[in-house]
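# Reading the structure
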Number of protein chains: 6
Amino acid sequence: MTRPSGRSADQLREVKITRNYTCHAEGSVLVEFGQTKVICTVSVEEGVPRFLRGKNQGWLTAEYGMLPRATGQRTRREASSGKQGGRTLEIQRLIGRSLRAALDLCKLGDYTLTVDCDVIQADGGTRTAAITGAMVAVVDALNVMRERGWLDKKAELPVQQMIAAVSVGVYQGEAVLDLDYPEDSGAETDLNVVMTDAGGFIEVQGTAEGAPFTSEQLTSMLALAEGGLKELFALQQAALSAVN
Amino acid sequence: MTRPSGRSADQLREVKITRNYTCHAEGSVLVEFGQTKVICTVSVEEGVPRFLRGKNQGWLTAEYGMLPRATGQRTRREASSGKQGGRTLEIQRLIGRSLRAALDLCKLGDYTLTVDCDVIQADGGTRTAAITGAMVAVVDALNVMRERGWLDKKAELPVQQMIAAVSVGVYQGEAVLDLDYPEDSGAETDLNVVMTDAGGFIEVQGTAEGAPFTSEQLTSMLALAEGGLKELFALQQAALSAVN
Amino acid sequence: MTRPSGRSADQLREVKITRNYTCHAEGSVLVEFGQTKVICTVSVEEGVPRFLRGKNQGWLTAEYGMLPRATGQRTRREASSGKQGGRTLEIQRLIGRSLRAALDLCKLGDYTLTVDCDVIQADGGTRTAAITGAMVAVVDALNVMRERGWLDKKAELPVQQMIAAVSVGVYQGEAVLDLDYPEDSGAETDLNVVMTDAGGFIEVQGTAEGAPFTSEQLTSMLALAEGGLKELFALQQAALSAVN
Amino acid sequence: MTRPSGRSADQLREVKITRNYTCHAEGSVLVEFGQTKVICTVSVEEGVPRFLRGKNQGWLTAEYGMLPRATGQRTRREASSGKQGGRTLEIQRLIGRSLRAALDLCKLGDYTLTVDCDVIQADGGTRTAAITGAMVAVVDALNVMRERGWLDKKAELPVQQMIAAVSVGVYQGEAVLDLDYPEDSGAETDLNVVMTDAGGFIEVQGTAEGAPFTSEQLTSMLALAEGGLKELFALQQAALSAVN
Amino acid sequence: MTRPSGRSADQLREVKITRNYTCHAEGSVLVEFGQTKVICTVSVEEGVPRFLRGKNQGWLTAEYGMLPRATGQRTRREASSGKQGGRTLEIQRLIGRSLRAALDLCKLGDYTLTVDCDVIQADGGTRTAAITGAMVAVVDALNVMRERGWLDKKAELPVQQMIAAVSVGVYQGEAVLDLDYPEDSGAETDLNVVMTDAGGFIEVQGTAEGAPFTSEQLTSMLALAEGGLKELFALQQAALSAVN
Amino acid sequence: MTRPSGRSADQLREVKITRNYTCHAEGSVLVEFGQTKVICTVSVEEGVPRFLRGKNQGWLTAEYGMLPRATGQRTRREASSGKQGGRTLEIQRLIGRSLRAALDLCKLGDYTLTVDCDVIQADGGTRTAAITGAMVAVVDALNVMRERGWLDKKAELPVQQMIAAVSVGVYQGEAVLDLDYPEDSGAETDLNVVMTDAGGFIEVQGTAEGAPFTSEQLTSMLALAEGGLKELFALQQAALSAVN
């Protein structure tokens, strides 16, 4: 089998993580998985949602959007249609859950981090790129909070573990890593995997688009994902180590 | 470990599937997984959504709702708040995708099946109960279509495979089957599995609520799910075999 | 004249009132007027709406809904269309007004009772069935409140009077009681009557669907309604007397 | 008993019906019941709603609104809050049903009449004033249609009967006609009556605001309404006879 | 060139300002610019919007609407379509900004003035008529506030300057004042001007509907506007001087 | 006076126009006015809105949005709040009108161009940057249309004139060009000017934020704008001349 992208089955697209992409947000990252480009900003505000008041913890919430012409065909602007679609809500719930798993919310104080992931160009894997990039923006925002004294200046950042995400799929019967849009459209199965840098699973979401998938295929896909995520964790660290 | 429900780790709750529960719909099932009770109706209408016109196939779509006091605390009526929440949209997308995987839409003709899953009492696992019960209601509706001549009276029903769903989780470090609400609230991991009666996976959606889960735990959970689903497929067949 | 239902002009359909139909709500009744089936739950929450704060009284509010396929043709789910229709709002306002007339709100304390009436199968008279059944669920909820000490354990329930409702109409020139859907569709006049068990009127809502109706017809209809409501008050009492 | 308004129990407020109040609509009336002032316009458009296509009849629909400061306290603009409230929907459904009863829709041709009733000043009885005034505007619009040849120039107008509406109530134990706002606020019972000029009832909507009302009170109220409506029918005719 | 209206290029339509047009509002004006008729009410409420709390100033906000048949063709009721259109929002933002410029908000105390401008008949220039009439209603409302002691009884009204508005345009190559609807539809350029009685500009909003306009045309239009506004300021003063 | 930005009164910020910024749209430009950055895409679709059908012309419409954290404080995502605010609607109406003035819609054929202007970083002047950049993206899209044969391959592009926009204001009593956010916040007057490359005005929108502005100030501001726009037209041409 040859992938449409010409990549080998276990090969990520070229991944770039650009920090401080815009100037206002406490954390701001442009993440690129090949032609997929997502701006991830993190905004820090005092206070927590009503259901957490008095519980002595912070919060993180996420929103996701796509520019109308991020895609091959223009999609209707959600602000104009008056509601976010089911796909959007599903993705932003996933991003929020995943990033909360990275943090120790009890050490975050009375703050809410709002993560905005806006896709400016889509070519498959927007949600996994968003999670991977937003993790870096969250670390940047936490550093800003510490500098400003919103977090204890001497304590470690309230990060329990780094998380990252990647998609895998079954394409023409074979497990492949990090599907771009043509591959995703033709895939029989699509699986999104969120892991921690310590190797645990945070989310596993697999869908048979065509034929059902087998235990063996699931195992192969998870192995591919694990390999790809190791690379992504290294790329996150490299980005964070770079002089800002 | 003892489960709050007192069940063994691989034990389903008592499951009941009552066909023809209401009188108007082409298919109508009350499905009970213990205290979780969901009315699943299937409505058949001529025509297909705009994006399928002229493509020579039918369609199935699903909607999900909960009565406001199906839960321990009253939740706001979505009709009154003016929109369906993210959880609702996520669940109804899952139900629709899963049931479409059961059918051969190309043999359905110019018809749309609308599946309504309305939870009248919730105790965990509403989405898996809904999928399992709705599958039976879909078969009933297809039989009505054949009787009315909307499907070829001599052909087989356009069912590629039966599907069913069950939840599994990690509770106090151990994999357990079919979590009720107290177990679900305390679970470290929650995994919903949709399979075909031939043993393939349609959907696998796992979320670490607390600690990340391991490959081994995933494997244990999937094995438990597979066992539970065999029982559910048998219960579906028993219900369908009963004199109506 | 023979009614489509074969009933005599002053004959109710078979009425059943099942208490404790679901397990979470403070009051939960399934009421059946023949094939019309409505789940009525009562939820008790502390606090009152803003416009009553500091006025030293409680409140009762009602919401009404129909499952999409409660009817012969599927109707669009109001949660999905984004608003409740005029008919829904009109009915839930009627239910709320009627039930508030039954209570002494000044003795209810700082509590709000939310009554949810959800039609799971419709065959005419859903609003009158809902009111009649919800009255029983309200009494059950008040008893729960007294048991929990939210109401004075030694005082009487804050019920001024029982209320119930029934529809009457003019069918082929003759007044008939408790119309089912085929009768309602063919009726020239439709009148909904809410009364107290002491014989007073709470609501009288009559509409000429075809020809205008006369004073004499109105008098006949009200007499029929009064007779039917006596039976309904007896059925409410029987349900409430039954061992729970 | 003395009414707050100083009127006798069977006395209407001063009623004025001004035709051609605005210049664009096919029918346009300002109706005043004392301080209550409502602009009623009728717009004629070709075509009928989807559910009537091919049924060879016309249609009439009504909408109701209040300017935000038509009332003593400003009420929120419904256009701004994003939806029409339950009271608004209930009233506009009543206006539409009542006016449709006046017409022979089968003789209306393929046209829809849209009646807009906008309250510019409110002092009780806005819905009954609206119905009474809109009836005149409908006749004006039908005359315009006949002049333009949209209706047969030689045929009679498709009016089966004139209709009008008035409110009655029980105030301090006594039945009184045409309540203004202070009387309405203090009334024990509020009854809106829509009749035809031939003496038949189209709508009877009575609500006990405080104590339940009795058969005798209902009879007294209906008699008062009948008297008031005779006057209103005469006023409608006088307005229609006046040189335009 | 002859204007469709037959007026000279610098001639206003007949302008009428009727104070106390409705009875409930603190200020209530019917303003007529020829056939354009707008009801302007001012409602005074205690408190200010959240973003001004603690800033020791008052506020003024405006809303604009049109009755559905204020226009030649019926337009959809915004309350029914569920949102205010872009034109409506643009106009009400303009009205609010303009009137705020007239007041010294720091001397208004903890009050919000809500200005409602509702067009009952439209013939071009509704926004400029609304601003001109609402200015008078604001003065009336401030006088009421002073009488009630909400403003210092001995201080001057917190009016920095009177404002008024008029439209000008280029019609068949020539600048003309106060366009009615047929002129507006045929104009090449449309310019709305809001000025103070001291001769300063508050708003200048010009749009080329057809060909671009030149500096010279802009200068001519502004001169015409200035002349017209002088007349409008005189008419405002005359209205305010009249015995109420 | 020294401007906060240190620029001279007639000095633009550094302006960059990057074509083909994203890969899917027929035209895609990143426009930067200093720190203000806007992505402008143009999507071409067959067909025109209903009100233009059969009128033998094309159409152009525009939408505007801001990423939530494009600004110093995060603003609520409009897709999530369920509607576009008044400012957004006002700006996108301005963009659409301005760009339509650039085109000869009668030569566009049965096509609609949808222009999406999404602000990824805001520092004042987002609407003028959007118009200036979108003009270039429109030309690119028209070229694509001609290449694809949707426009006559031998005819000129249906561009009547280039348009561009810039803001001017009065800052500390002096007219200044192209205000950034700190200047805009402190300005007494804010004027947005849209012109054609032939020197005509398309839109002039001036607002006194503080004191009213005078004729002289208006004249100075327009002169500054005219100078700035000449530079912007040159920059548009330079961008369009560059090898793609």
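Residues numbered from 1 in each chain as written. Chains lettered and ligands numbered in written order. Predicted model: local features only at pLDDT ≥ 70, side-chain atom pairs only at ≥ 80, totals over all residues. Heavy atoms only, no water.

For clarity, the threshold we go by: UniProt positions are given in the numbering used here, feature names are shortened, and annotations may be inferred rather than shown by experiment.
By the naming in an unreviewed UniProt entry, chain A is Ribonuclease PH, taken from Thiopseudomonas acetoxidans. Annotation of chain A in UniProt includes, under Sequence similarities (unreviewed entry), the sentence "Belongs to the RNase PH family."

### A short note on the pairing of strand β1 (residues 15-19) of chain B
All names here are of chain B. As a reminder of what qualifies: Relative accessibility thresholds used throughout: buried, under 20% of the residue-type maximum; exposed, over 50%; partly exposed, between the two (1.4 Å probe, protein chains only). Secondary structure counts use DSSP, requiring at least four H or I residues in a row for a helix and at least two E residues in a row for a strand, with both numbered from the N terminus. Here, a strand pair is defined by DSSP locating no fewer than two bridges between the strands.
What you see with β1 is a clean split: Val15, Ile17 and Arg19 sit on the buried side and Lys16 and Thr18 on the side with no burial. Note: β1 against strand β2 (residues 27-33), 5 bridges, orientation antiparallel. From the neighbouring strand, Thr18 faces β2, where its bridge partner is Leu30.

### Points about the interface of chain A and chain F
To keep it simple, the criterion reads: A contact between two residues is defined here by any heavy atoms of the two lying within 4.5 Å. Defined in terms of a 1.4 Å probe, buried area is the accessible area two parts forfeit on being brought together, summed over both. The salt bridge criterion pairs a side-chain nitrogen of Lys or Arg with a carboxyl oxygen of Asp or Glu, the two atoms within 4 Å. Counted as a polar contact is a pair of N or O atoms within 3.5 Å, where, for protein atoms, one must be capable of donating a hydrogen and the other of accepting one, and residues adjacent in sequence contribute only when both atoms are in side chains. Note that Gly is not counted as nonpolar here; it falls among the polar residues with everything else outside the nonpolar set of Ala, Val, Leu, Ile, Met, Phe, Trp, Tyr, Cys and Pro and the charged set of Asp, Glu, Lys and Arg.
On the side of chain F, 37 residues touch chain A, which itself brings 37 residues to the contact. Interface area lost by chain A to chain F is led by His24, Arg69 and Arg77 of chain A, which between them contribute 25%. Linking chain A with chain F are 12 salt bridges. Taking the shortest distance from any N to any O, the salt bridge between Asp116 of chain A and Arg77 of chain F comes out at 2.8 Å. If you look at where chain A meets chain F, you find 23 residue pairs in polar contact (both at pLDDT 80 or more). Listed by contribution, the elements that provide at least two residues to the side of chain A that touches chain F are β3 (36-46), β4 (59-66), α1 (78-81) and β5 (111-121) of chain A. Residue classes in the side of chain A that touches chain F are distributed as 14 nonpolar, 13 polar and 10 charged.

### Topic: the UniProt feature "binding site: phosphate" (unreviewed entry) in chain A
Residues and elements named next belong to chain A. UniProt feature "binding site: phosphate" (unreviewed entry): in the numbering of this structure it lies at Arg87, Gly125, Thr126 and Arg127. The greatest C-alpha distance among the residues just named is 13.2 Å, despite their covering 41 residues of sequence, which places them together in space. Mapped onto the elements, Gly125 comes out in the loop between β5 and α3 (126-147). With a relative accessible area of 17%, Gly125 lands in the buried category. Ignoring sequence-local partners within four residues, the contact set of Gly125 consists of Arg13, Thr36 and Leu179. What Arg127 contacts, discounting residues up to four positions off in sequence, is Arg87, Glu90, Ile91, Leu94, Asn192 and Gln205.

### As for the sheet that holds strand β2 (residues 27-33) of chain E
Residue and element names in this part refer to chain E. Definition in use: Note on method: axes are straight lines fitted to C-alpha atoms, helices fitted across the in-contact stretch only, with angles between N-to-C directions ranging 0 to 180 degrees.
Spatial strand order, β1-β2-β3-β5-β4: 5 strands in an open sheet with mixed pairing. The open sheet terminates on both sides in strands that have one partner only, identified here as β1 (15-19) and β4 (59-66). Adjacent strand axes in the sheet meet at a mean angle of 15°, parallel and antiparallel pairs treated alike. Relative to strand β5 (residues 111-121), β4 runs parallel, the two sharing 8 bridges. Its bridge partner being in β5, Glu63 is matched across the sheet by Asp116. Against the sheet, helix α3 (residues 126-147) contacts β1, β2, β3 (36-46), β4 and β5, and its axis sits at roughly 35° relative to β3. Here helix α5 (residues 215-241) sits on the sheet in contact with β1 and β2, set at roughly 30° to β1.

### Digging into the state of the cysteines
Residues and elements named next belong to chain C. Let me state the cut-off plainly: To count as a disulfide, a pair of cysteine sulfur atoms needs to be within 2.5 Å.
Evaluation of the coordinates by the stated rule reveals 0 disulfides over all chains. Looking at Cys23, it has no disulfide partner, and the nearest cysteine sulfur is the one in Cys40, 17 Å off. Relative accessible area serves as the criterion here: at 44%, Cys23 is assigned to the partly exposed category.

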